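Architecture and fold: a report
Next come the chains, spelled out residue by residue.
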Amino acid sequence: MGNLSIFPPRGSAFAGQVDLLYTFLLVVSAIMMVLIFGCIFIFAVKYRRRPGAPPPPQHHGSMLLEAVWSTIPFLVMLVMFVWGAKLYFDSATPPANTLDLYVTGKQWMWKVEYPGGQREINEIHVPTGTPVKVTLASEDVIHSFFIPAFRVKHDVVPGHYEIAWFQATKPGRYHLFCAEYCGADHSKMGGWVNVMSPADYEVWLSGGERGGSMVDQGAKLFSQYGCVTCHVLDAKGRCPSLRNMFGHPVQLDDGRTVMADEAYVRESILDPNAKIVKGYERNVMPVFQGQISEEGLLQLIVFVKSLSQPPEQPVPTKGPPVTAKGSPK
Amino acid sequence: MNITFEQPKIKESPNYLNIRYGWRSWLLTTDHKRIALLYLFSITAFFMIGGAFAVGMRLNLTSPNGLLFSPETYNKLFTMHGIIMIFFFLIPSIPAVLGNFLIPLMIGARDLAFPRINLLSWYLYIIGGIVAVAAVASGGVDTGWTFYAPFSTTYSNTHVIMTAVAVFVAGFSSILTGLNFIVTIHKMRAPGMTWFRLPLFVWSHYATSIIQVLGTPVVAITIVLLGLERLFHAGIFDPKLGGDPILFQHLFWFYSHPAVYIMILPGMGVISELVTCFSHKTVFGYGFVAFSSVAIAVLSFLVWGHHLFVSGQSMYAGLIFSLLSFMVAVPSAIKVFNWTATMYRGSISYDTPMLYAFGFIGLFTIGGLTGLFLATVAIDVHVTDTYFVVAHFHYTMVGGMVMAYLGGIHFWFPKITGRMYPEGWARFAALVVFVGFNLTFFPQFILGYLGMPRRYATYAPEFQSLNVLSSAGASILGVGYLIPMIYLAWAWNRGPRAPANPWGAKGLEWEKSPSPPPTFNFDEMPVVTENAYNYGAAPGATEAHG
Ligand code: HEM
Ligand SMILES: [Cu+2]
Ligand SMILES: [Cu+2]
């Protein structure tokens, strides 16, 4: 309070870019308002009705004026469109080598999991200077992951994986809100994003409770659900090897090729028959729909991903060796 | 012998109001003017109900922790406020009241094409309304007026089905009214009333009707699917059953974006009438204003995806919808420019309806300009589902449509009732509404950009001052709406008699029909010989009003 700015805190460079575009629109709007309201005000005063005056001259219109006042605003709008589209494109395509977080929304909390296995509820810790990619999943209804300080928002849709990313520049504690109405305590489904300097972040990472890393947890689930019995990792048999599958195109038996991303792996687990890998049979892999929790799925995916991870990993994921302690619920 | 003195009565000539009395003459009437009045009273009742919910919300929001209600109750308040205001007040407001009353009068017809269907529409509306009120009385509903799945299909344990039935039934009322208008405008125009002599009010209702007839069935189907999902777990929208929740949003907005134009086009039609009449000028760019209505109706079906920019539709779809949304702003801008140009060198009077027209242009311009912010994808990502969107649509729907509705009610009040309203009070109320409106909703733009999400029963403490400001404005706005209800009710019984054409306006309803009109509108069939708004010919005022 006491802060009269019309801008929320700027926690990232992207926030500044959005504010600049917003300012451009504010200026254009101000000019339009001055023009329109100015004309109306002047006309209303200057041409106010005077008793006994003759009927006013009639104007039926002017092609030229119509052309001018449709074209010029439209051209200005094209500037808005292109500028907005450019920023949107940037905000929708995360760079390579991100620090990956996994966030699951459920009525009414945010569960956050780090690749190193740390877990938090309604709190997120990130370092400055590293792009952070958040994979969003929902256990129930639609939520929306909203961090005003980063000008970032993305709906969290059950049955989909959505991606949001940001790169914080300024240490601080920023609001995390749920922006899509999700039931009784929607307005309380909030939390905080703690942006720290990389050094502080390292300290934070090494302290605190954790289970095994997400890869370890995923590996455990991989045997627990019997995936190993079929997907022997380095051999090809009745089932495709998952080694070096993630991030590469997959040939399907109907001739299509799909990119193996998070959504594809998710679908392959929950509904294997939706897409069949070329050369393999339908109805071999069991349907896991409804059997694995959203968090378990994310761990499995991180594990599958690790099978084809390029050697260089983003710094913050390494952390000290982890003891497998506590299993996913 | 007993002598009684009676006030000398001026015998009223027979008109649609005094021709018959008794409740049957109203509830079984097929006269479009009487049906318009049935709508007038029923939508006013719904406006009061919806308004009461808003009062509750604004009170609650004066404290960050919620002053009065639990979050569950607050969620029901905003849901029922939205549903009542949109489906039971705003959508029927101008079309079903003023459109019903005026379209036959304006085109020189004795009634609408299907008078009985017109009555049926009102009954459907009332049935829908009663079901909605029953849903409220039995505990309410908490899905938001948007009914997003899977919350509405699987998780909410309130009266979703009952409310959905209410909206479904009211939707058919809207479809039938639209159908009636389209056929009437095509088939019942008086001799000489060519398409390009139609008042712009009729053009805008024509465009509105097209949307109602083509769009409303889609929302009806969507509601049926929602019911199937909720009752029988059909697996259409809920991912746990193999459905897709985004599909619901596509279906819902395919209707509901065009529906926002059902909620503004008729208002634009009213403003075209007001600006010409109170400037005593023919409208500038008649063809452009008329066709911009049609352009809006067509384009409005192509932009629904701008409500899904952050919900996971493909990025490229988002870009296309962004571009199309900018395009739909152009015809709206054209209208504003043409109204402004109409005033140029006019003879402008400041009667109450014109004050509302000024208010409309001001507020709608702000609503439209902020629409551009929302169409700019990168900005929308930040402000969608925040108070910025709430402010935007209140500027267009309340600042636009409700201002136009009030302006229209004042403008045609003499025609409808045969009486004049008190001008001083009316101007005062118009001013109060304008000030109260801006105080209520302008702070919400700032709140939204600062990041306060919408549909929040509680909020972060730094948002309190702007929320208190907004609530203070809302109390002024509320008073502004109550004053007209009081003096209009008074004037209906006691106001001075109105002549046939108190404003010196052009148009068959003013020039060829007395106030109030007889049941069949015209004593003799009018023949049209001139274009609309021919204010160049000496204005045909029968008498300047006091
Ligand atoms: C000038 C042209 C307009 C443009 C470019 C425009 C643009 C938009 C956009 C992009 C949104 C989506 C915002 C979001 O959900 O993030 C939106 C929302 C909305 N607009 Fe407009 N708009 C315009 C005029 C209108 C008019 C005339 C009305 C109604 C009379 C209206 C009523 C609404 C409503 C009700 C919503 C929000 C619905 C909800 O989420 O509950 N808009 N507008
Ligand atoms: Cu929520
Ligand atoms: Cu829309």
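Each chain has its residues counted from 1, following the order in which its sequence is written. Both sets of labels track the order of writing: A upward for chains, 1 upward for ligands. Totals for whole chains, interfaces and linings use all residues, but because this is a predicted model, local features are given only for residues with pLDDT of at least 70 and pairs of side-chain atoms are given and counted only at 80 or more. Only hydrogens and water are removed before side-chain values are computed, so all heavy atoms of the structure are retained for them.

So, the overall build of chain B
- Counting its secondary structure elements, chain B contains 17 helices and 0 strands.
- Radius of gyration: over C-alpha atoms. The globule rule applied is 2.2 Å multiplied by the number of residues raised to the 0.38 power. In terms of C-alpha radius of gyration, chain B reaches 23 Å, essentially the compact-globule figure of 24 Å for 546 residues.
- Overall size of chain B, expressed as C-alpha extent along the three principal axes, is 80 × 60 × 45 Å.
- Residues count as neighbours in contact if any of their non-hydrogen atoms are within 4.5 Å of one another. Restricting the contact set of chain B to residue pairs at least 6 apart, pairs at least 24 apart contribute 82%.
- By the counting rule applied here, Lys and Arg register as positive and Asp and Glu as negative, while His and the ends of each chain are not counted. Charged groups are reduced to one reference atom each: NZ for lysine, CZ for arginine, CG for aspartic acid, CD for glutamic acid. Within chain B, the 21 negative side-chain charges are centred at a point lying 7 Å from the centre of the 27 positive side-chain charges. Elements are defined by DSSP. Helices are runs of H or I of four residues or more, strands are runs of E of two residues or more, and each kind is numbered from the N terminus.

Some thoughts on helix H6 (residues 262-270) of chain A
All names here are of chain A.
- Three exposure classes are used, based on accessible area relative to the maximum for each residue type with a 1.4 Å probe and protein chains only: buried under 20%, partly exposed in between, and exposed over 50%. Most of H6 is tucked away: 7 of the 9 residues are buried.
- Burial in H6 covers these residues: Glu-262, Tyr-264, Val-265, Arg-266, Ser-268, Ile-269 and Leu-270.
- For H6, the secondary structure elements touched by its buried residues are strand S5 (131-138), strand S11 (249-251), strand S12 (257-259) and helix H7 (294-306).

Quick word on the interface of chain B and chain A
- On the chain A side, the residues contacting the 95 residues of chain B number 79 residues.
- Here the quantity called buried area is the accessible surface, traced with a 1.4 Å probe, that two parts lose on coming together, added over both. Approximately 7,600 Å² of surface area, both sides summed, lies buried where chain B meets chain A, with 70% of it carried by carbon and sulfur atoms.
- The salt bridge criterion pairs a side-chain nitrogen of Lys or Arg with a carboxyl oxygen of Asp or Glu, the two atoms within 4 Å. Counting across the interface, chain B meets chain A through 0 salt bridges.
- Side-chain atoms alone can form a polar contact between residues adjacent in sequence; in general such a contact is a pair of N or O atoms within 3.5 Å, and within protein one must be able to donate a hydrogen while the other accepts it. On inspection of chain B and its partner chain A, the count reaches 25 residue pairs in polar contact (both at pLDDT 80 or more).
- Per-element tally for the side of chain B that touches chain A: the top contributor is helix H11 (residues 315-343) of chain B, with 16 residues.
- Residues that form the side of chain B that touches chain A fall into these classes: 58 nonpolar, 27 polar and 10 charged. The nonpolar class holds Ala, Val, Leu, Ile, Met, Phe, Trp, Tyr, Cys and Pro. Asp, Glu, Lys and Arg form the charged class, and all remaining residues, Gly among them, are polar.

As for unusual backbone geometry
- Along the chain, B:Ala149 connects to B:Pro150 via a cis peptide bond; the corresponding omega equals 0 degrees.
- Within the fold, B:Pro150 resides in the loop between helix H4 (115-137) and helix H5 (151-155).
- Unusually for a residue other than glycine, A:Asn97 sits at a positive phi of about 60 degrees.
- Residue placement: A:Asn97 occurs in the loop between helix H2 (63-92) and strand S1 (99-106).
- We note that A:Asn244 has phi near 55 degrees; this positive angle belongs to a residue other than glycine.
- The topology assignment puts A:Asn244 in the loop between helix H5 (227-230) and S11.
- Among the residues examined, A:Asn244 registers a relative accessible area of 47% and is labelled partly exposed.

Quick look at the coordination of the copper ion (ligand 3)
Residue and element names in this part refer to chain B.
- Metal coordination here is assigned from N, O and S atoms located within 2.8 Å of the ion, or within 3.2 Å for Na, K and Ca; omission of water means that sites may look incomplete. For the copper ion (ligand 3), every protein donor is listed as His-257 (ND1), His-306 (NE2) and His-307 (NE2), and the spread of their distances is 1.8 to 2.0 Å.
- When the donor residues of the copper ion (ligand 3) are listed from N- to C-terminus, their spacing reads H-x48-H-H.
- Look at His-307 and you get partly exposed, because its relative accessible area is 28%.

Re the packing of aromatic side chains
- Pairing of aromatic rings covers Phe, Tyr and the six-membered ring of Trp, with a centre-to-centre limit of 6.5 Å; geometry is then stacked below 30 degrees between planes, edge-to-face above 60, and tilted otherwise. One pass over the structure, following the stated rule, counts 68 aromatic pairs over all chains.
- Between the aromatic rings of A:Tyr201 and A:Trp204, the centroid separation amounts to 5.8 Å while the plane-to-plane angle is 20 degrees, which identifies the pairing as stacked. Here the residue A:Tyr201 and the residue A:Trp204 both occupy positions in helix H3 (residues 198-206), the gap between them amounting to 3 residues, near one helical turn.
- Residue A:Tyr201 is classed as buried on the basis of its relative accessible area of 1%.
- A residue is classified by how much of its surface remains accessible, and A:Trp204, at 21% relative accessible area, is partly exposed.
- An aromatic cluster is defined as three or more aromatic residues linked by ring pairs; in this entry it consists of A:Phe7, A:Tyr22, B:Phe373, B:Phe388, B:Tyr395, B:Phe437, B:Phe441, B:Phe442, B:Phe445 and B:Tyr449.
- Here A:Arg10 stacks its cationic end above the ring of A:Phe7, 5.1 Å away from the centre of that ring.
- The side chain of B:Arg34 reaches across the aromatic face of B:Trp26, ending 4.2 Å from its centre. Put simply, a charge is over a ring when the Lys NZ or the Arg CZ is close to the ring centre, within 6 Å, and near the line of the ring normal, within 35 degrees.

Structural notes on the site of ligand 1
All names here are of chain B.
- In the vicinity of ligand 1 lie 23 residues, with Trp-145, Asp-380, Thr-384, His-392 and Arg-454 positioned nearest.
- Measuring from an oxygen atom of ligand 1, one finds a side-chain N or O atom of Trp-145 at 3.1 Å.
- Between ligand 1 and Asp-380 there is a distance of 2.7 Å, counted from an oxygen atom to a side-chain nitrogen or oxygen.
- Contributing elements (two or more residues each) for the shell around ligand 1: helix H8 (245-262), H11, helix H12 (352-375) and helix H14 (387-417). Near residues are defined by distance, with any heavy atom within 4 Å of the molecule or strand qualifying the residue.

Side note on the coordination of the iron atom of ligand 1
All names here are of chain B.
- Exactly one protein atom donates to the iron atom of ligand 1; that atom is His-392 (NE2), 2.2 Å from the metal.
- Here the copper ion (ligand 3) and the iron atom of ligand 1 are spaced 4.8 Å from one another.
- As for its position among the elements, His-392 is in helix H14.

A few points about the sheet that holds S1(A)
Residues and elements named next belong to chain A.
- Any two strands with at least two DSSP bridges between them are considered paired. The 5 strands are arranged S3-S2-S1-S5-S8 in an open sheet whose pairing can be described as mixed. Edge positions in the sheet fall to strand S3 (119-121) and strand S8 (162-167), since each of these pairs with one other strand and no more. Averaged over all adjacent pairs, the angle separating strand axes in this sheet is 25 degrees, with direction ignored.
- Two elements, strand S2 (residues 109-113) and S3, share 3 bridges in a ladder whose sense is antiparallel. In the strand pairing of S3, Val-112 is matched with Glu-120.
- Of the strands in this sheet, S1, S2, S3 and S5 touch H7, which is tilted by about 160 degrees from S1. Interaxial angles span 0 to 180 degrees and are taken between N-to-C directions of axes, which are lines fitted to C-alpha atoms, for helices over the stretch in contact.

So, empty space enclosed by the protein
All names here are of chain B.
- Buried and open spaces are told apart on a 1 Å grid over the protein atoms alone, a cavity being a set of points where a 1.4 Å probe fits but cannot get out and a pocket being an open set with protein on both sides within 12 Å along at least five of seven lines. Residues with an atom within 4 Å of a point are the lining residues. Grid points are joined across faces, edges and corners, and a volume is the space filled by probe spheres set on the points. For the structure shown, the criterion picks out 7 cavities of 30 Å³ or more.
- Its boundaries defined by the atoms lining it, the largest cavity holds a volume of some 170 Å³.
- As for the largest cavity, its lining consists of 17 residues, and the residues nearest its centre are Phe-87, Ile-91, Pro-92, Ala-170 and Ser-174.
- Sorting the residues of the lining of the largest cavity by element identifies helix H3 (71-107), helix H6 (160-187) and helix H7 (200-232) as the ones contributing at least two each.
- Ranked by residue count, the leading element in the lining of the largest cavity is H6, at 6 residues.
- Of the residues assigned to the lining of the largest cavity, the class counts are 11 nonpolar, 6 polar and no charged.

Digging into the domain arrangement of chain A
Residues and elements named next belong to chain A.
- Under the domain assignment used here, chain A contains domain 1 (99-206) and domain 2 (214-306).
- When each unit is reduced to the centre of its C-alpha atoms, the spacing between domain 1 and domain 2 is 26 Å.
- Taken together, the 17 residues of domain 1 in the interface contact 14 residues of domain 2.
- Both sides together, the interface formed by domain 1 and domain 2 hides about 1,300 Å², and carbon and sulfur atoms give 51% of it.
- Of all residues in domain 1, Tyr-102, Glu-113 and Tyr-161 give up the largest surface area on contact with domain 2, accounting jointly for 46% of the area buried on that side.
- The interface formed by domain 1 and domain 2 includes 4 salt bridges.
- Taken together, domain 1 and domain 2 are joined by 6 residue pairs in polar contact (both at pLDDT 80 or more).
- Those elements giving two or more residues to the side of domain 1 that touches domain 2 turn out to be S1, S2 and S5.
- At 4 residues, S5 tops the list of elements feeding residues into the side of domain 1 that touches domain 2.
- Tallied by class, residues from the side of domain 1 that touches domain 2 come to 5 nonpolar, 6 polar and 6 charged. Domain limits in this description derive from either an automatic procedure or a database domain assignment.

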